[in-house]
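Per-entry structural report
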Amino acid sequence: MSTALINARVLTPAGLKDDLAVVLEAGRIADVRAAEALPARARIEDLGGGVLAPGFVDVQVNGGGGVLFNDDPSVEAIEAIGAAHRRFGTTGFMPTLISDELDIIARAIDATRQAMERKIPGVLGVHIEGPFLSAARKGAHDPRKFRQLDDDALNLLTSLGAGRTLITLAPEETTPDMIRRLVEAGAIVSAGHTNATYEEMQAAIGAGLSGFTHIFNAMSPLSSRAPGAVGAALEDQTTWCGMIVDGRHVDPVVLRIALRCKPLDRFMLVTDAMPTVGDAKPSFQLQGRTIEVRDGVCVAPDGALAGSNLDMAQAFRNSMTMLGLNLEQASTLASSNAARFLRLTDLGAIRAGARASLVLLDEALQVKRVWIDGA
């Protein structure tokens, strides 16, 4: 039996619409129609007002609910992380492993494969962030884990066999040919923790690199005579840029300038979330170091930012209050852009045929309810 969701403002690809029914069937949106033309025998669900929007898609989730993926690369950990984040409207996510040994990467990939086979809600694939990174832009990554991208590592990185594999690397630490081989094997390649020159970034983009991991953070900056990775990211009109919009990782003024450099549909919100999201504990262990939440951000003992304490619902609201976006634009950054970056054409929009992954927001844009694939 189909379910008809009624009595909410619906955020469609054409904007906010009133008096619509969103009809769900077999995990998909079967139809979006006038509320007075409900299908026969449909179960009616009155949402009681609010805004029904596409569920949030987060391509960078290190942990949540007290669980860190690096500490426990298992199906159970992925399930716990997903459960913590869906409270904040995240209906699709990429469990993210930061720089680690190849055997840990293998366990993370295997756990992700099993999670997708078991249909753990919201799992879209895996994000391997490192260890093919620049020591000069290490951030909170452990440089002792860094290594070269060789054939064995390449074969491991492209072994998931389901969903999407996102790989963050420093282009100057590998070759355009290696990037091309990753892309040809089906991986999505993003630049992060990189000290690459503008010219090195251009070569990587030419080889198929299509994203920038947390733009501005841990990458060579834009300067007057050296455009760096940031300059390459803002000049290129085809690549996607992830943004941590918490007011601390990047000044909102800088992000507002970035939004003027390329189309809005090439930016996406990410959390870079750590175990403290959805958990009461104010600290956690990261590869032998104590990370503490201070003034709302996760900080390593040396003062480096170590991921974030941000959830997607807050990032969504921040994009409106800090960046001056309207509801429709904020939804694009929180949902459809990340889905397009991941080449998932049936996610991130309320339209017939799309996955029924939705979030209901109240007047204050707080999450009231969440659906993942219709459930």
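Scroll up to find the structure.
Reference entry: report on the structure contained in this document. Bear in mind that the values here come from a model prediction, so they are computed numbers and not experimental data.

What counts, and where the lines are drawn
- Residues numbered from 1 in each chain as written.
- Predicted model: local features only at pLDDT ≥ 70, side-chain atom pairs only at ≥ 80, totals over all residues.
- Heavy atoms only, no water.
- Disulfide = S-S within 2.5 Å.
- Buried < 20%, exposed > 50% of the residue type's maximum accessible area, 1.4 Å probe, protein only.
- Helix = DSSP H or I, 4+ residues; strand = E, 2+ residues; numbered from the N terminus.
- Pairing = 2+ DSSP bridges.
- Core = buried A, V, L, I, M, F, W, Y, C linked by side-chain atoms within 4.5 Å.
- Contact = heavy atoms within 4.5 Å.
- Right-handed = clockwise from strand over helix to strand, strands pointing away.
- Axes fitted to C-alpha atoms, helices over the stretch in contact; angles between N-to-C directions.
- Salt bridge = Lys/Arg side-chain N within 4 Å of Asp/Glu carboxyl O.
- Polar contact = N/O pair within 3.5 Å; in protein donor to acceptor, adjacent residues only side chain to side chain.

Let's talk about the state of the cysteines
Under the counting rule described, the total for this entry stands at zero disulfides. The thiol of Cys-241 is unpaired, and the distance to the nearest cysteine sulfur, on Cys-261, comes to 9.4 Å. Among the residues examined, Cys-261 registers a relative accessible area of 33% and is labelled partly exposed.

Thoughts on unusual backbone geometry
Between Gly-130 and Pro-131 the backbone carries a cis peptide bond, its omega angle lying at 15°. Backbone geometry places Lys-119, a non-glycine residue, at a positive phi of 60°. Looking at the secondary structure, you find Lys-119 in the loop between α2 (102–117) and β12 (125–129). Residue class for Lys-119 comes out exposed when judged on its relative accessible area of 70%.

Notes on the environment of Cys-261
Of note, Cys-261 is situated in the loop between α7 (252–259) and β17 (267–269). Sequence spacing of Cys-261 and Thr-174 is 87 residues, and the spatial spacing of their C-alpha atoms is 28 Å.

What to know about the pairing of strand β5 (residues 28–34)
When strand β4 (residues 20–25) meets β5, the two strands line up antiparallel, connected through six bridges. By the bridge assignment, Glu-25 is partnered in β5 with Arg-28. In this structure, the hairpin formed by β4 and β5 is closed by a connection of two residues, where Ala-26 is found at a positive phi of approximately 55°.

With respect to the nonpolar core
Among the nonpolar cores identified, the biggest contains 95 residues, and Val-59, Leu-149, Leu-182, Leu-209, Phe-212, Met-243 and Leu-342 are the most heavily contacted of them. Per-element tally for this core: the top contributor is helix α9 (residues 327–341), with seven residues. With near-sequence residues (within four places) excluded, Met-243 lies in contact with Ile-215, Leu-255, Leu-259, Phe-267, Met-268, Leu-269, Val-270, Leu-323 and Leu-333.

A closer look at the pairing of strand β16 (residues 240–243)
Of the two faces of β16, the one lined by Trp-240 and Gly-242 and the one lined by Cys-241 and Met-243 are each fully buried. Both strand β15 (residues 211–212) and β16 contribute to a ladder of two bridges, which runs parallel. Paired with Gly-211 across the bridge in β16 is Trp-240. The parallel pair β15 and β16 is bridged by helix α6 (residues 228–235), and the resulting crossover is right-handed. Since β16 and β17 lie parallel, the crossover through α7 that links them has a hand, and here it is right-handed.

Points about the sheet that holds strand β8 (residues 56–61)
With respect to topology, eight strands assemble into an open sheet ordered β8-β11-β12-β13-β14-β15-β16-β17, the strand pairing being parallel. Every interior strand has two partners, whereas the edge strands, β8 and β17, have only one. As defined by bridge partners, strand β14 (residues 188–191) adjoins β15 across two bridges and the pair is classed as parallel. Its bridge partner lying in β15, Ala-191 is registered against Phe-212. Most of the contacts of helix α1 (residues 75–86) go to strand β11 (residues 90–98), to which it runs at about 135°, and overall it touches β8 and β11.

Re the pattern of salt bridges
For the structure shown, the criterion picks out 16 salt bridges. For Arg-28, the salt bridge identified is with Asp-346, shortest N-O distance 2.9 Å. Taken together, the residues span a long stretch of sequence, with Arg-28 in strand β5 and Asp-346 in the loop between α9 and β21 (358–361) at a distance of 318 residues. The partner of Arg-294 in a salt bridge is Glu-292, and the shortest N-O contact between them spans 3.4 Å. Overall, Arg-294 belongs to the partly exposed group, its relative accessible area being 39%. A single salt-bridge network, built from bridges that share partners, covers Arg-28, Asp-346 and Arg-355.

Examining helix α8 (residues 312–321)
Among the 10 residues that make up α8, seven are buried, leaving the element largely enclosed by the rest of the structure. Buried residues of α8: Met-312, Ala-313, Ala-315, Phe-316, Arg-317, Asn-318 and Ser-319, and no others. Close packing links the buried residues of α8 with β8, β11, β17, α9, β21 and β22 (367–371). Looking at where α8 begins, the residue whose side-chain oxygen comes 3.1 Å from the main-chain nitrogen of Ala-313 is Asp-311.

Keep in mind these values describe shape, not function.
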